[in-house]
Amino acid sequence: MTTLEMNCRNLAELYNHLNKEAVALEKEVTRVQESEDYSYSYKKRTLEELTAKRDSVIKAHMNTMQAATDQAVESIRAEHKIDLANNTAHQVAVSNALKMIELGGPNLTPEQLQGLANTFIDAGDRQTLDIMQTICLNRCPDAFHTAFGAGIEDDVSRLQRFGTRLVRGIGVSTQNVVSVTLAQQFLNDCGMGDIILDA
């Protein structure tokens, strides 16, 4: 199981757990709204209390989901991080990459650029990767867009999008259901369709 898959599974489980309470509170609000057994003043007071509680729970659960997403993203980045300052091999790789870009220029293929980029993506060296991207955009623009954006940062951005959809999915409004549907589609597309998100 990849780190991305493990993190997606953990976030999905957390979402399902947190969303149950939010959905139960929403159902209780609906039940009281639709009930004809209560006086107007009781309904008004009860709905104010339930709505405040529901809103508070949803906000807390959204914060919990966001914190879990941030932690999952950091775990992916940390898994690939190395001590770059004291790593001679990495410093040589930076030097070699810059020389290849200088010599190859516009003749570099997307595959060659991706090979260079993967060295820095795998090392978690975002700073050097950003500098290389700027250089490549100027020296070999045709291959640039195809080459960059894969590897660990691709997993990070996918996990962030997935987590954001789960954060927005807490509750039962139409917007929440759309967010959860998109998150479920992401799981299906990534071969994790066995994970079912409760909408």
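Conventions and cut-offs
Residues numbered from 1 in each chain as written. Predicted model: local features only at pLDDT ≥ 70, side-chain atom pairs only at ≥ 80, totals over all residues. Heavy atoms only, no water. Axes fitted to C-alpha atoms, helices over the stretch in contact; angles between N-to-C directions. Helix = DSSP H or I, 4+ residues; strand = E, 2+ residues; numbered from the N terminus. Parallel < 35°, antiparallel > 145°, perpendicular 65-115°, else oblique. Left-handed = near helix turned anticlockwise from the far one by under 90°. Contact = heavy atoms within 4.5 Å. Nonpolar A, V, L, I, M, F, W, Y, C, P; charged D, E, K, R; others polar. Core = buried A, V, L, I, M, F, W, Y, C linked by side-chain atoms within 4.5 Å. Buried < 20%, exposed > 50% of the residue type's maximum accessible area, 1.4 Å probe, protein only.

Peer 1: It is not clear to me how the packing of helix α3 (residues 88-104) against helix α4 (residues 110-123) should be interpreted in this structure. Could you clarify?
Peer 2: Axes are the key here: two packed helices are described by the angle between their axes and the distance separating the axes. Two elements in contact, α3 and α4, have axes separated by 10 Å at closest approach and are oriented at 150°. In terms of orientation, α3 and α4 fall into the roughly antiparallel class. In this structure, the crossing between α3 and α4 has a hand that is left-handed. For the pair α3 and α4, contact is made by His90, Ala93, Val94, Ala97, Met100 and Ile101 and by Leu116, Thr119, Phe120 and Ala123, respectively. Partitioning the contact of α3 with α4 into residue classes produces eight nonpolar, two polar and no charged.

Peer 1: Explain the packing of helix α1 (residues 3-34) against helix α2 (residues 40-79) here, please?
Peer 2: Between α1 and α2, the least distance of the axes is 9 Å, while the angle of their chain directions is 175°. The pairing of α1 with α2 is recorded here as roughly antiparallel in orientation. Across the contact of α1 with α2, the residue classes break down as 17 nonpolar, nine polar and seven charged.

Peer 1: Could you clarify how one ought to interpret the nonpolar core in this entry?
Peer 2: Across soluble globular proteins, you tend to see nonpolar side chains buried next to one another. The biggest cluster of nonpolar side chains holds 26 residues, and the ones touching the most others in it are Phe162 and Leu197. Contributions of two or more residues to this core are made by α1, α2, α7 (152-169) and α8 (174-189). Among the elements that line this core, the one with the most residues is α1, at seven residues. Core analysis: the next-biggest nonpolar cluster, separate from the first, contains 13 residues, Leu113, Leu116, Ala117 and Leu129 among them.

Geometric values such as these leave the question of function open.
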